[in-house]
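# Structural characterization, general
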Amino acid sequence: MDAPAPGAILFTGSSSVRFWESLAEDFPDHQVLNRGFGGSEFSDLQYYADRVVYPYQPSVVFVYEGDNDINAGDTPAQVLAQARMLRDSIAAHLGADTPVVFISPKPSVARWHLRAAYEEANALLEAYADGTDHTYFADVWTPALQENGEVRDDIFVADNLHMNAAGYAIWREVIGRWIERLAP
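Notes on the structure in this doc start here. (Residues numbered from 1 in each chain as written. Predicted model: local features only at pLDDT ≥ 70, side-chain atom pairs only at ≥ 80, totals over all residues. Heavy atoms only, no water.)

### Considering the pairing of strand β1 (residues 9–13)
Burial within β1 is extensive, with 5 of its 5 residues counted as buried. Neither face of β1 is left uncovered, since the one carrying I9, F11 and G13 and the one carrying L10 and T12 both have all their residues buried. Summarising the sheet, β1 and strand β2 (residues 32–36) pair through 5 bridges and their orientation is parallel. In the strand pairing of β2, G13 is matched with G36. For β1 and strand β3 (residues 60–64), the ladder comprises 5 bridges, and the chain directions are parallel. Each residue of the ladder has a partner; that of G13, found in β3, is Y64. (Buried < 20%, exposed > 50% of the residue type's maximum accessible area, 1.4 Å probe, protein only. Helix = DSSP H or I, 4+ residues; strand = E, 2+ residues; numbered from the N terminus. Pairing = 2+ DSSP bridges.)

Written out as structure tokens, the structure is:
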């Protein structure tokens, strides 16, 4: 099998990316690559970036990390520090003007007890993205909440952690706006 041509839109991160089986169908007008791997945290992505990010020379990099990090006990500040390290590494390997979009850790029924830490991590990631050139924040947290502020329970498969088609529809809408803005 031939390697994908440089310039694709790359999605990487943990199982929420890995299980996005409709990714290519959701963005048919763009070359998208799914290089998510289950269970990953920011440190794992940093370690494997020479395999799952840099060789593809992507035009845009979407990163979904932080969810497993918080669940494993990392603080929001540690999540931010790891995000900064990854962003710096992407800039060093692909160029400082390569757009990087951090997808917010999503809410889930299974990890709702960690809500405050996720909200703080998302606020830190958003502020970092707002203050860093060519770095963006895609908020998939807010549209996954009910009007009362509780997490929607209709967007998950049986484990109440991984998303079903309705959950990915939220991602498609939010991320689609970023693709339209950033894709070459």
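Back to the text.
### Describing unusual backbone geometry
Of note in the backbone geometry, H134 takes a positive phi value of approximately 60° without being a glycine. Of note, H134 is situated in the loop between α6 (115–130) and β5 (135–138). By relative accessible area, H134 is classed as partly exposed at 34%. In this structure, N160 is a non-glycine residue whose phi angle is positive, near 60°. For N160, the position within the fold is in the loop between β5 and α7 (165–182).

### Observations concerning α6
In this model α6 runs 22 Å from its N-terminal to its C-terminal C-alpha over 16 residues, within 8% of the 22 Å that 1.5 Å per residue would give. Taken residue by residue, α6 has Y118, A121, N122, L125, Y128 and A129 as its buried positions. Looking straight down α6, one finds that the buried residues subtend no more than 130° of arc, so they occupy a single side. Along α6, the residues that are exposed and aim more than 90 degrees away from the buried face are A116 and D130. As for α6, its buried residues are in contact with α4 (67–71), α5 (76–94), β4 (100–103) and β5. (Expected span 1.5 Å × (residues − 1). Arc of directions from axis to C-beta. Contact = heavy atoms within 4.5 Å.)

### As for the packing of helix α3 (residues 42–52) against α5
In the contact formed by α3 and α5, the axes pass within 9 Å of each other and the chain directions differ by 15°. Here α3 is positioned roughly parallel relative to α5, judged by the angle of their axes. Note on packing geometry: the crossing formed by α3 with α5 is left-handed. For the pair α3 and α5, contact is made by F42, S43, L45 and Q46 and by V79, Q82, A83, M85, L86 and S89, respectively. (Axes fitted to C-alpha atoms, helices over the stretch in contact; angles between N-to-C directions. Parallel < 35°, antiparallel > 145°, perpendicular 65-115°, else oblique. Left-handed = near helix turned anticlockwise from the far one by under 90°.)

In short, the description is geometric, and any link to function would need to be established separately.
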